[in-house]
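Coordinate inspection notes
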Amino acid sequence: MGVDFGLPHFDAELQELGLLAQTAGLNPVARVTCKRRAPDAALFIGSGKADEIKMLAQQLGAQEILFDQSLSPAQQRNLERHLELPVNDRTLLILEIFGQRARSHEGKLQVELARLQYLSTRLVRRWSHLERQSGGIGMRGGPGETQIELDRRMIGDNIKRIKERLSKVKRQRTTQRRQRDRRDAFNISLVGYTNAGKSTVFNTLVKARTYAADQLFATLDTTTRQLYLGDVGRMVSLSDTVGFIRDLPHGLIDAFQATLQEAVDADLLLHVVDFSNDNYLNQITEVQHVLKDIGAHDIPQILIFNKLDTVAPDRRPPVLQDSYELDGTPTPRIFLSAQSGEGVAGLRELLTQAVIAQRPSLVATDFPPGHEAAF
């Protein structure tokens, strides 16, 4: 279900929500959209459209309703009562995918923190067990404590414990970055919209075997490898980070601060764009918004227009390298296919030029050449 409030990025076909649902293991059976000037305070979509969805769900045997926009706790509760089906929004769907894909200890902690922060706002008597408990000695006395208050305190305690464990992970990452700084390392981070091909670019550059697939959020945990640039005779540090998406929940941005810190501390960002996607201009804008949110928008970038092998011949650019106006700043751009290898040699040349321009002190002739090694 998607509601068009007149915003420019509304997905009339709900394609991205459908991909998110499939990534989470669900099977979309119908897509419904409507136009409104503002959300309905109680049901978000109004009672008439809610009745229509209820009838459609009964006809198709749907077991869950997904909304492309974020719902308030009260709206979610009211919709579930009205539709008599579980109702979830885009935020929870992304959290579910992150929970399925996280592999590292840090990634699992971050996902659990974001999930608990989301649930802490949903304790609005959606479940029948949230009745008032008896209190006092021998189960007598005052009204006691409500179950909702117990749940809220338990969630709060878990959030506090996870934050403490994540702070230790942050300190470990800070120590690792200091060690790299002492070696005068040059740090590069891959960023971009989810499914733009960041992990494939990463694997192509450093000969790694990081998991890469044609699906949303295939990579959640940051992976760092060393990349040897022969023209400057130096190793540089290359990191593959989590992909961004439209309306990324702020809770996830906060929870993944340790992971996204790799992008904040980078000397250069490789902004990977899915050139085969008709909506790639809006995706570039969304990535820039997230980079601004995490304080990484001032870091120099190289735009990589990936998946050149999948575009129609009439869309192929006349040259593979040019400049692109990114937030009013001329930014180097290169067209390539990480899958076929076309244009990858040009990317290595751009990386060499960036290292020489930003850190000429790193150019060394006595650095022993070697192959890419694990960092």
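Residues numbered from 1 in each chain as written. Predicted model: local features only at pLDDT ≥ 70, side-chain atom pairs only at ≥ 80, totals over all residues. Heavy atoms only, no water.

1. A word on the overall build of the chain
Basically, it comes down to this: Put simply, DSSP marks the helices as runs of H or I at least four residues long and the strands as runs of E at least two long, and each gets a number from the N terminus on. In what follows, a contact means two residues having at least one pair of non-hydrogen atoms within 4.5 Å. Using a 1.4 Å probe, the Shrake-Rupley method yields the accessible areas, and only the shown protein chains count as cover for residues.
Counting its regular elements, the chain contains eleven helices and eleven strands. At a minimum sequence separation of 6, the contacts of the chain that also span at least 24 residues come to 68%. Here the chain has roughly 18,700 Å² of accessible surface; of this, 49% comes from carbon and sulfur atoms.

2. Notes on the pairing of strand E10 (residues 321-326)
As a general feature of sheets, a regular strand has side chains that alternate between the two faces. This is how the line gets drawn: Strand pairing is assigned whenever DSSP detects at least two bridges linking the two strands.
Where E10 and strand E11 (residues 329-335) come together, six bridges link them in antiparallel fashion. Note that in E11 the partner of Tyr324 across the bridge is Thr331. Linking two consecutive strands that pair antiparallel, namely E10 and E11, is a turn of two residues; a positive phi of about 55° is found at Asp327 within it.

3. A few points about the pattern of salt bridges
When charged atoms on two side chains of opposite charge get close, those side chains can pair. This is how the line gets drawn: We define a salt bridge as a side-chain nitrogen of Lys or Arg found within 4 Å of a carboxyl oxygen belonging to Asp or Glu. With a 1.4 Å probe rolled over the protein chains alone, any residue whose accessible area is under 20% of its type maximum counts as buried; one over 50% counts as exposed, and the rest are partly exposed.
Inspection of every chain in the model, using the stated rule, returns eight salt bridges. The partner of Lys54 in a salt bridge is Glu84, with the nearest N and O atoms 3.8 Å apart. Of this pair, Lys54 sits in helix H2 (residues 47-60) while Glu84 sits in the loop between helix H3 (73-83) and strand E4 (87-89), and the two are 30 residues apart along the sequence. For Lys54, a relative accessible area of 22% translates into the label partly exposed.

4. Section: the pairing of E11
The sheet contact formed by strand E9 (residues 301-306) and E11 spans three bridges and is parallel. Counted as the bridge partner of Leu303 is Arg333 from E11.

5. A word on the confidence of the model for the chain
Note that predicted coordinates carrying low pLDDT should not be read in detail. As a reminder, the rule being used: Looking at any residue, its pLDDT shows the predictor's confidence there, from 0 to 100.
Looking at the chain, pLDDT values average 82 and 81% of them are 70 or higher. For the chain, per-element mean pLDDT is lowest for helix H8 (residues 250-255), which scores 68, and highest for E9, which scores 96. Every residue in residues 125-144 is under pLDDT 50, and counting partners more than four places away or in other chains gives 35 contacts. For residues 365-375, every residue scores under 50 in pLDDT, and the model assigns this stretch 23 contacts once sequence neighbours within four places are set aside.

6. Examining the sheet that holds E11
This is how the line gets drawn: Angles here are taken between N-to-C directions and fall from 0 to 180 degrees, while the axes themselves are lines fitted to C-alpha atoms, restricted in helices to the stretch in contact.
As summarised here, the arrangement of the seven strands in space is E6-E7-E5-E8-E9-E11-E10, forming an open sheet in which the pairing is mixed. Each edge of the sheet is formed by a strand with only one pairing partner; in this case those strands are strand E6 (223-229) and E10. For this sheet, the mean angle separating the axes of adjacent strands, direction not counted, is 30°. Sheet strands touched by helix H11 (residues 344-358): strand E5 (187-192), E6, strand E7 (234-240), strand E8 (268-274), E9, E10 and E11. Its angle to E6, the strand with the most contacts, is close to 85°.

7. As for helix H4 (residues 90-101)
The cut-off we apply is this: What a helix should span is 1.5 Å times the count of its residues minus one.
Relative to the 16 Å expected for twelve residues at 1.5 Å per residue, H4 spans 17 Å between its end C-alpha atoms, a close match to the ideal helical length. What H4 keeps buried is the set Arg90, Thr91, Leu92, Leu93, Ile94, Leu95, Ile97, Phe98 and Arg101.

8. Let's talk about the packing of aromatic side chains
Our working rule: Think of it this way: a Phe, Tyr or Trp ring, Trp meaning its six-membered ring, pairs with another when their centres are within 6.5 Å, and the plane angle makes it stacked under 30 degrees, edge-to-face over 60, tilted otherwise.
Evaluated as defined, the whole model comprises eight aromatic pairs. Centre to centre, the rings of Phe44 and Phe67 are 6.0 Å apart; their planes meet at 85°, and the pair counts as edge-to-face. Of this pair, Phe44 sits in the loop between strand E2 (33-35) and H2 while Phe67 sits in strand E3 (residues 65-67); the two residues are 23 residues apart in sequence, bridging distant segments of the chain. Of the two residues, Phe44 and Phe67, both sit in the buried class. Judged by centre distance (5.6 Å) and plane angle (50°), the ring pair of Phe275 and Phe305 falls under tilted. Within this pair, whereas Phe275 is found in the loop between E8 and helix H10 (280-293), its partner Phe305 is found in strand E9, the two being separated by 30 residues in sequence. An aromatic cluster is defined as three or more aromatic residues linked by ring pairs; in this entry it consists of Phe275, Tyr280, Phe305, Tyr324 and Phe335.

9. Let's talk about helix H1 (residues 15-23)
Looking only at H1, the buried set comprises Glu16, Leu17, Gly18, Leu20, Ala21 and Thr23. Along its buried surface, H1 packs onto E3 and H4. Immediately beyond the C-terminal end of H1, within one or two residues, lies Gly25, with a positive phi of roughly 95°.

10. Observations concerning the nonpolar core
This is how it is decided: For the purposes of this section, nonpolar cores are sets of buried Ala, Val, Leu, Ile, Met, Phe, Trp, Tyr and Cys residues that join through side-chain atoms within 4.5 Å.
Within the largest apolar cluster, 33 residues are counted, with the highest numbers of intra-cluster contacts made by Leu93, Phe244, Leu252, Leu269, Leu291 and Ile294. Elements with a minimum of two residues in this core: H1, H4, helix H5 (105-119), H8, helix H9 (257-264) and H10. If you tally residues by element for this core, the top one is H4, at six residues. Not counting chain neighbours up to four residues away, the residues in contact with Leu291 comprise Val191, Phe244, Leu269, Ala296, His297 and Gln301. By size, the runner-up hydrophobic cluster in this structure holds 27 residues, among which are Phe186, Leu205, Val232 and Leu268.

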